[in-house]
Amino acid sequence: MDDRFDIIVIGAGHAGCEAALVCARMDCKTLLLTMSIDTVAQMSCNPAIGGLAKGQLVREIDALGGEMAKATDSTGIQFRVLNTKKGLAVQSPRAQCDKRAYHLYMKAIVLSQPGLTVIEDVADELLIENGAACGLITSSGKKYAAGAIILAPGTFMKGLMHTGEKQTAGGRISEPSAERISDSLRNLGFKIGRLKTGTPPRLHKDSLDYSKLTPQYGDEPPKPFSFSVEKITRSQIPCYITYTNPSAHEILRANLHRAPMYSGQIKSRGPRYCPSIEDKIVRFADKDKHQIFLEPEGLDTPEIYCNGISTSTPADVQEALVHSIAGLETAQFIRYGYAVEYDYAPPEQLNLTLETKLVKSLYFAGQLNGTSGYEEAAAQGLIAGINAALKLRGKTPFILKRSEAYIGVMIDDIVTLGITEPYRMFTSRAEYRLLLRSDNADRRLMRYGYELGLVGEELKKRLDEKESLIKQTIGFLNGKFSGGKPFTQILKRPDMDYNKLTEKTGAIDGLPALPAEVREQVEIEVKYEGYIERQARQVEKFAVLENKLIPEGIDYEKIKHIRFEAKEKLSKIRPISLGQASRISGITPADITTLMVYLRIR
């Protein structure tokens, strides 16, 4: 072997960076293998972090000691909280980032991390010994040994890009594909499928007619993602909005036969919730316009990302389409949109730790598991890294429940239910979303990060002080009365907040002045008390089945009175609890009852 490491991480995208950093921070000698150090944490598509449900994922990553939120706060150029007119359960932070600055930030963090070695090379073949991953061979002929391997290749495994009839091998524009690693997985017995994603054209900012565009500004003041960042000091800039129109749609309809999605050139499934513009005009034929967000890719670049018109149509069709849209009539193209097909491994081949069932000490993360989005990838990389490090230490695996985190919901979804198209996180997927808000991710998860050694003493101390102040304040409010009513009852009024309550009752009553983040939590706990308690009871009920564990080596074929379909699916997924078993598609309550009787669980 050319060198030995505790853990090797393959791929330096959002999943790979979080995985490599967490492994090194948990005192594992780690190798991060990347095709190019100049594309570390590259934003291949939209230069933004967060969004609906994705914002919750980022704050959870931060609470557990990950890096994505800090990178966003350092490089964000527009911050907004989405869904502010709706309930707290569905509000999510989002930030437009400077794409190059984000990459440079993460590159610097990765290169300066003690215990982490970064090498430019391509993984060709995994080495297995006694059913466990033990190293790899690269395209340069190097051999590296490891106690665990985390595979996070993004869209690069046999990546194929499409722009009209033109096809080019690669996982991203001007970058090659990884041609051999998925063959290595197939040879080991893994099932491998194909998925598709896409990206829109980029336009030159000086070629747009801003008089025809509607500006969209961020929040003032901008709210940080990371619990360790007090305020955002970077300059903020607006995005702009325009719309497609019937003429644009007609251009696309007349050229559908040249669109790879409809010509038969692309055969794999793309993301349902982020469809191409050609897919939109077919699926939503009754709509005469679709919104387009024109998003700057940075402060020092002329590139404008056209969010809403992802396309793989030929270049001439893209030009006709864009030039038919208000404000874009004379737009200059910097880059044409394209689609990418790539290999992925259906995630039901994983345990909830993201370790593969087929090969021990081998972990999958990111788009390899069929998910889409930087945030979903980063969260998986973090969890895979934590579990790989814990396994090397002989420690108990780290598995987040659906009731604890959006990360837990996502991993349970993909592993238990599998996927047939790129998976994207939504608030609707989380049944306990009122408890899993973006504002309380630190209160839910930071203690885990501290116990894992990924969150420092200072942050832990701040959290303890915050919790104490929240508890003291609510106790104070319950014990103070005005007009015969406790302050908590007054605070529950729709038109009342903590600041107004302070003004109404006066300083003479001893109402304490609170930091904004504590005041927010006090208001939420008081105003939503009944709803929060109801959902907490639901979690307790949910925990009954979740805490009833299934022995690891159970042979489902020996269970006489369970249906054949149930035996087949339970044997495939290998659930760790009755709760997880109950969520497998096709498993009935009768199957669960039979399983409980067989296991003598009451």
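Below: a short report on this structure. Keep in mind that this is a model prediction, so the values were computed, not measured. (Residues numbered from 1 in each chain as written. Predicted model: local features only at pLDDT ≥ 70, side-chain atom pairs only at ≥ 80, totals over all residues. Heavy atoms only, no water.)

**Considering the side chain of His162**
Here comes step 1: Examined against the element boundaries, His162 turns out to sit in strand S10 (residues 160-163).
Here comes step 2: Reaching out from His162, the side chain makes a polar contact with the side chain of Gln265 at a distance of 2.9 Å.
Here comes step 3: Within the structure, the side chain of His162 is placed 2.9 Å from the side chain of Glu341, a separation counted as a polar contact.
Here comes step 4: With residues near it in sequence (within four places) discarded, His162 still touches Gln167, Pro260, Gln265, Ile266, Ser312, Tyr338, Ala339 and Glu341. (Helix = DSSP H or I, 4+ residues; strand = E, 2+ residues; numbered from the N terminus. Polar contact = N/O pair within 3.5 Å; in protein donor to acceptor, adjacent residues only side chain to side chain. Contact = heavy atoms within 4.5 Å.)

**Thoughts on unusual backbone geometry**
Here comes step 1: Put simply, Glu220 and Pro221 share a cis peptide bond, and its omega is 0 degrees.
Here comes step 2: Within the secondary structure, Pro221 sits in the loop between strand S14 (214-216) and strand S15 (239-243).
Here comes step 3: In this structure, Ala41 is a non-glycine residue whose phi angle is positive, near 55 degrees.
Here comes step 4: Mapped onto the secondary structure, Ala41 falls in the loop between strand S2 (30-34) and strand S3 (48-50).
Here comes step 5: Unlike most non-glycine residues, Ser174 shows phi in positive territory, near 65 degrees.
Here comes step 6: If you trace the backbone, Ser174 turns up in the loop between strand S11 (166-169) and helix H5 (181-187).
Here comes step 7: Exposure remark for Ser174: the relative accessible area of 74% places this residue in the exposed category. (Buried < 20%, exposed > 50% of the residue type's maximum accessible area, 1.4 Å probe, protein only.)

**Some thoughts on the packing of helix H1 (residues 14-25) against helix H4 (residues 99-112)**
Here comes step 1: Axis separation between H1 and H4 bottoms out at 11 Å; the angle between their running directions is 25 degrees. One finds that H1 runs roughly parallel with respect to H4. The interaxial crossing formed by H1 with H4 has left-handed handedness. Residues His14, Cys17, Leu21 and Arg25 of H1 touch H4, and the partners they reach there are Tyr102, Met106, Ile109 and Val110. (Axes fitted to C-alpha atoms, helices over the stretch in contact; angles between N-to-C directions. Parallel < 35°, antiparallel > 145°, perpendicular 65-115°, else oblique. Left-handed = near helix turned anticlockwise from the far one by under 90°.)

**Here's the deal with empty space enclosed by the protein**
One way to see where empty space is left: roll a probe the size of a water molecule over the atoms.
Here comes step 1: If you walk through the whole model with that rule in mind, you get two cavities of 30 Å³ or more.
Here comes step 2: Space inside the largest cavity adds up to approximately 70 Å³.
Here comes step 3: Around the largest cavity, the lining residues are Phe227, Asp442, Met446, Leu459, Arg462, Leu463, Lys466 and Glu517.
Here comes step 4: Looking at the lining of the largest cavity, the elements that each hand over two or more residues are helix H12 (441-451) and helix H13 (457-479).
Here comes step 5: If you tally residues by element for the lining of the largest cavity, the top one is H13, at four residues. (1 Å grid on protein atoms, 1.4 Å probe; cavity = no way out; pocket = protein on both sides within 12 Å on 5 of 7 lines; lining within 4 Å. Points joined across faces, edges and corners; volume = space filled by probe spheres on them.)

**A short note on the packing of aromatic side chains**
Here comes step 1: Following the criterion strictly, the structure yields nine aromatic pairs and no others.
Here comes step 2: Look at Tyr528 and Tyr531: their rings are 6.4 Å apart centre to centre, the planes differ by 55 degrees, and that puts the pair in the tilted class.
Here comes step 3: Geometry around Phe5 places Lys29 over its ring, the cationic atom sitting 5.0 Å from the centre. (Phe/Tyr/Trp six-rings, centres within 6.5 Å; stacked < 30°, edge-to-face > 60°. Lys NZ or Arg CZ within 6 Å of the ring centre and 35° of its normal.)

**Details of the sheet that holds S14**
Here comes step 1: As summarised here, the arrangement of the six strands in space is S14-S15-S16-S17-S13-S18, forming an open sheet in which the pairing is antiparallel. The strands lining the two open edges of the sheet, one partner per strand, are S14 and strand S18 (333-335). Adjacent strand axes in the sheet meet at a mean angle of 35 degrees when their direction is disregarded.
Here comes step 2: Two elements, strand S13 (residues 202-204) and strand S17 (residues 303-307), share three bridges in a ladder whose sense is antiparallel. For Leu203, the partnering residue across the bridge sits in S17 and is Ile304. (Pairing = 2+ DSSP bridges.)

**Details of H1**
Here comes step 1: Spanning twelve residues, H1 covers 17 Å between terminal C-alpha atoms, matching the ideal 16 Å at 1.5 Å per step.
Here comes step 2: Within H1, eleven of the twelve residues are buried, which leaves the element mostly enclosed by the surrounding structure. (Expected span 1.5 Å × (residues − 1).)

**Section: the layout of surface pockets**
Here comes step 1: Of the volumes computed, that of the second largest pocket is approximately 1100 Å³.
Here comes step 2: Taken together, 41 residues form the lining of the second largest pocket, with Leu352, Thr353, Pro397, Ile399 and Ile576 sitting closest to its centre.
Here comes step 3: Taken together, the elements giving at least two residues each to the lining of the second largest pocket come down to helix H10 (374-393), helix H11 (406-417) and helix H17 (529-546).
Here comes step 4: Split by residue class, the lining of the second largest pocket holds 19 nonpolar, nine polar and 13 charged. (Nonpolar A, V, L, I, M, F, W, Y, C, P; charged D, E, K, R; others polar.)

**Some thoughts on the nonpolar core**
Here comes step 1: Formed by 106 residues in total, the largest nonpolar core has its most connected members in Ile150 and Ile407.
Here comes step 2: Here this core takes eleven residues from H10, the largest share from any one element.
Here comes step 3: If sequence neighbours within four positions are ignored, Ile150 has contacts with Ile7, Ile8, Val9, Ile10, Ala19, Cys23, Tyr363, Ala365, Ala384, Gly385 and Ala388.
Here comes step 4: In terms of nonpolar packing, the next biggest core, distinct from the first, is built from 19 residues, Ala248, Ile281, Ile304 and Cys306 among them. (Core = buried A, V, L, I, M, F, W, Y, C linked by side-chain atoms within 4.5 Å.)

**A word on the pairing of strand S19 (residues 338-344)**
Here comes step 1: In terms of residue burial, S19 counts as a mostly covered element, since seven of its seven residues are buried.
Here comes step 2: Across three bridges, S10 lies against S19 in antiparallel orientation. Bridge assignment links His162 to a residue of S19, and that residue is Ala339.
Here comes step 3: Note that strand S12 (residues 193-199) and S19 share seven bridges and pair antiparallel. Residue pairing in the sheet places Arg194 in a bridge with Asp343 of S19.

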